Amino acid sequence: MTLQQVDIKHDAATSRHHLHRTREPLPASSTLSQAPSRHHLPSSPCRTASAQVAGATGDPPAQVIEDFAGLLQLLSDGTVIRCPDLDLYVYPSPAFPPTLPAAEWKDVVYDPTHDLKLRIYKPTAPSAAAANNADGGDVGEKQVPKKLPVLVFFHGGGFCVGSFDMPNIHACCLRLSGELPALVVSADYRLAPEHRLPAAHDDAETLLSWVRDQAAAAADPWLAESADFGNVFVAGDSAGGNIAHHVAVALGSGKHRVDPARVAGYVLLWPFFAGEQRTPSEAEYPPGPLLTLPVSDQFCRLSLPAGATQDHPALNPFGPCSPALDAVTFPPTLVVAAEHDLLRDRDVDYVARLKAMGKPVELVEFQGQHHGFFVVEPWGEAGDELVRLVRRFVYSSMPSSNTQHFHSHDKNRKIRSLAMAHLSFLLVHPVP
């Protein structure tokens, strides 16, 4: 795929305050690639800080009861210590290509009460690559609709780490905006253990209320000019995929409404689900570069309400206390799993159960890939395939789009065919 060379614009007022710290505006792409990886992190940056906190009051020293890679610590007295610029060390730094998608971005506060922000990405010009519609073919720039779908995106991180302005998340959203094309709204939410679940799910509903208000009043000029609020898609990776599921349940059960906006579909990328009973893929403990079983368990302990088990409805959609989903209305939903992800079996089971209820849910499993492969390598070969997959799903799920070529009764068959095509590509051309 050839990407159009473009100067990326950045809104001047993009400094963000998050967890009592201020970060400089996101630098240009050439600088992003130089961000330090977690392997260059000093051996114990948080332990020094925790010792200082423990001795400050003269009380018996608080003990570290949870320690995530020396980056995030929970002490026995409830103190939470986060290392400066923790977000820079969660993922390996992405390598940016010489040419980038045509998009600009800006940051907006959507919840002043909790100082929560989002980043809006807007394509600056349709490119030939972005004009590929639901058929997967190049149909020319005239086929790109004047009003673009809105893709709401929630980042991953086990509900404990991450942000919308992490270099890797920024790279993924930049690609999705420029290459679908779409208006991408990438949002932060409150993190655990300071704010345990369901705080993140509540924040997601607040964000959807913000989208609803934008659809009604069109306050933001970018959205007023380019957003097709009749075709909103909610997506997320890992914990963000879990959030997308809970948004689907809230809307599909009538608990929350977004009229006059309309959610036309969901994209769940390797969603973070859990449960007390181990699945075979969890028991096999595949050595993923991003997620391991101990880390998954630790995120569960840190994010769930105190004393809750992994069968809590926030993490197990089919747990003993989880609400029944039979009566919940789902629009078209795409779930992407990775063959070597320890969460793979849970994601496959999630799709199987929803399909048994008659929900329009489809699964695509990427062979040879691990958890979070798109976020780890936003411009990798598998990432290329994922962007094409999401583009086809989005535009084939838009009944009002001028790029719609499928009748509704053909949609599931076409998506299944697409899944097989992508799997065949990855099997023939394995990605290391």
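The residue count restarts for each chain, going from 1 along the sequence in the order it is written. Totals for whole chains, interfaces and linings use all residues, but because this is a predicted model, local features are given only for residues with pLDDT of at least 70 and pairs of side-chain atoms are given and counted only at 80 or more. Excluded from the side-chain calculation are hydrogens and water; included are all heavy atoms of the structure.

Re the overall build of the chain
- In DSSP terms, a helix is any run of H or I states spanning at least four residues, a strand is any run of E spanning at least two, and both are numbered starting from the N terminus. The helix and strand inventory of the chain stands at twelve helices and 13 strands.
- The buried label goes to any residue with under 20% of its type's maximum accessible area, the exposed label to any with over 50%, and the partly exposed label to all in between, with areas taken from a 1.4 Å probe on protein chains only. Within the chain, the proportion of its 432 residues that are buried is 59%.
- The criterion used for residue contact is that any of the two residues' heavy atoms lie within 4.5 Å. Counted over contacts in the chain with a minimum sequence separation of 6, partners at least 24 positions apart contribute 77%.
- For the chain, the accessible surface area stands at approximately 17000 Å², while carbon and sulfur atoms represent 54% of it. Here the Shrake-Rupley method, with its probe set to 1.4 Å, supplies the accessible areas, and only the displayed protein chains count as covering residues.

Quick look at helix 9 (residues 344-356)
- End to end, helix 9 covers 18 Å across 13 residues, agreeing with the expected 18 Å (1.5 Å per residue, within 8%).
- Three or more residues of helix 9 are buried, namely Asp345, Arg346, Asp347, Tyr350, Val351 and Leu354.
- Where helix 9 is buried, its residues touch helix 6 (239-252), strand 11 (263-269), helix 7 (280-284), strand 12 (333-338) and strand 13 (361-366).
- Where helix 9 terminates, the next one or two residues include Gly358, which has phi positive at roughly 90 degrees. For a helix, the expected span equals 1.5 Å multiplied by the number of residues minus one.

Details of the confidence of the model for the chain
- Mean pLDDT over the chain works out to 81, with 75% of the residues at or above the 70 mark.
- Note that pLDDT drops below 50 for residues 1-55; the model gives that stretch 117 contacts with residues more than four away or on any other chain.
- Counting interchain partners and residues more than four positions distant, the pLDDT-below-50 stretch residues 401-432 has 57 contacts. The score called pLDDT rates the predictor's confidence residue by residue, from a low of 0 to a high of 100.

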